[in-house]
Amino acid sequence: MKDMAKLGLTLMVICAVAGAGLAVVYAATKPVIDQRAIEDTLNAAQAVVPSAARVEEKSEGDQAYWLGYAGSDVVGVAVKTVVTGYGGPIEMMVGIDSDGTVTKVVVLSMSETPGIGMRTKDEGFLGRFSGVEDPGSVDVISGASVSSRAVIGGVRGAREFGMEVLGLGEAKAPVNLAIVADGTYEGTGEGLYGPIKVSVTVKSGKIESIKVRDHGETPSIGDPALKSIVEDMINGQKVEVDTVSGATFTSKGIIGAVRNALAGTQ
């Protein structure tokens, strides 16, 4: 019995020493790892805006982006985005030129299936986005449709955000609910993974209901975001509401869908 107690005490001491050692190593290496991650992200932002002599980090809510400068002129923007693939999050950096074309796409991290979903990281696929204005025109990879569709959706969403940053998006006139005739209207907006279709019912100058008819967003992220946006619109009786943190492109998609549904009523 004494030997067992002695052995247990010895093991406890060994574990304590090992744990303390790991803590010391972690404390020493974490700043280095964090700094390396910052540098890798900055290098990726610079790489996707090749015409820029330097990039400067900015943010809008939870959305990080980097403006690319040549002298004092803004020549493009790099947008960091995260989408959900078959195996988990896919983190990318997407470059958009000053004319709205995609310049380059770099995958920062992913956990897709080796030999299948991982093919979306190959230049043979990512290179298809360079020079295009419509990322949706890029074909999916046979056998890796979920992963490639996620990348395509992420690039499209990043481009739309970048267009707004660069002032290339169309000006959106606010919706005046007071002059909208009673009725139910249908509209479509572009979410992260494709169209978001809604029907909006207006009565006596107020939004009575908003129903999401169809969407391809990730259920665990998209559904809560869509519900939150709908509630904010009805509670605030306005179309332009704040986006949901972590679901920026989905939020913009449903806001655009409701705006489009009511656009022809003004």
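Our structure's up above, just so we're on the same page.
What counts as what
Residues numbered from 1 in each chain as written. Predicted model: local features only at pLDDT ≥ 70, side-chain atom pairs only at ≥ 80, totals over all residues. Heavy atoms only, no water. Helix = DSSP H or I, 4+ residues; strand = E, 2+ residues; numbered from the N terminus. Contact = heavy atoms within 4.5 Å. Pairing = 2+ DSSP bridges. Core = buried A, V, L, I, M, F, W, Y, C linked by side-chain atoms within 4.5 Å. Buried < 20%, exposed > 50% of the residue type's maximum accessible area, 1.4 Å probe, protein only. Axes fitted to C-alpha atoms, helices over the stretch in contact; angles between N-to-C directions. Lys, Arg positive; Asp, Glu negative; His and termini not counted. Salt bridge = Lys/Arg side-chain N within 4 Å of Asp/Glu carboxyl O. Polar contact = N/O pair within 3.5 Å; in protein donor to acceptor, adjacent residues only side chain to side chain.

(A) Local environment of the overall build of the protein. Scanning the protein from terminus to terminus reveals five helices and eight strands. Going from the N terminus to the C terminus, the protein shows its helices and strands as α-β-β-β-β-β-α-α-β-β-β-α-α. Contacts in the protein between residues at least 24 apart in sequence constitute 48% of all its contacts with a sequence separation of at least 6.

(B) Representation of the pairing of strand E7 (residues 195-203) in the model. Bridge analysis of strand E6 (residues 183-190) against E7 gives eight bridges, and the strand direction is antiparallel. Opposite Gly-187, over in E7, you have Val-198 as the bridge partner. Two successive antiparallel strands, E6 and E7, enclose a turn made up of four residues, where Gly-194 displays a positive phi of approximately 130°. Here E7 pairs with strand E8 (residues 206-214) via seven bridges, running antiparallel.

(C) Just the nonpolar core, in detail. If you look at the biggest cluster of nonpolar residues, it comprises 30 residues, and the most contacted ones within it are Ile-90, Met-92, Val-105, Phe-125, Phe-129, Val-151 and Val-155. Among the secondary structure elements, those contributing two or more residues to this core are strand E2 (63-70), strand E3 (73-84), strand E4 (89-97), strand E5 (102-109), helix H2 (123-126) and helix H3 (145-165). In terms of residue count, H3 provides more of this core than any other element does, six residues in total. Formed by 21 residues, the second largest nonpolar core is a distinct cluster that contains Val-198, Val-200, Ala-257 and Leu-262.

(D) Region of interest: the sheet that holds E4. Spatial ordering of the open sheet is given by E1-E2-E3-E4-E5, a layout of five strands whose pairing is antiparallel. Of all the strands in the sheet, the pair left with one neighbour each is strand E1 (54-60) and E5. Shown here is a sheet whose adjacent strand axes are inclined to one another by a mean of 25°, direction ignored. With seven bridges joining them, E1 and E2 adopt antiparallel strand pairing. What sits directly across from Lys-58, in E2, is Tyr-65.

(E) Looking closely at the side chain of Glu-217. By secondary structure assignment, the location of Glu-217 is in the loop between E8 and helix H4 (219-236). Here Glu-217 is buried and forms no salt bridge, its nearest opposite-charge partner Arg-156 lying at an N-O distance of 5.9 Å. Looking at Glu-217, its side chain comes within polar contact range of the main-chain nitrogen of Leu-192, at 2.9 Å.

(F) How the structure looks around unusual backbone geometry. The residue Ser-204 is not glycine, and still its phi comes out positive at about 55°. In this structure, Ser-204 sits in the loop between E7 and E8. Positive phi values are uncommon outside glycine, yet Gln-237 reaches one of about 50°. In this structure, Gln-237 sits in the loop between H4 and helix H5 (248-263). We classify Gln-237 as partly exposed; its relative accessible area is 24%.

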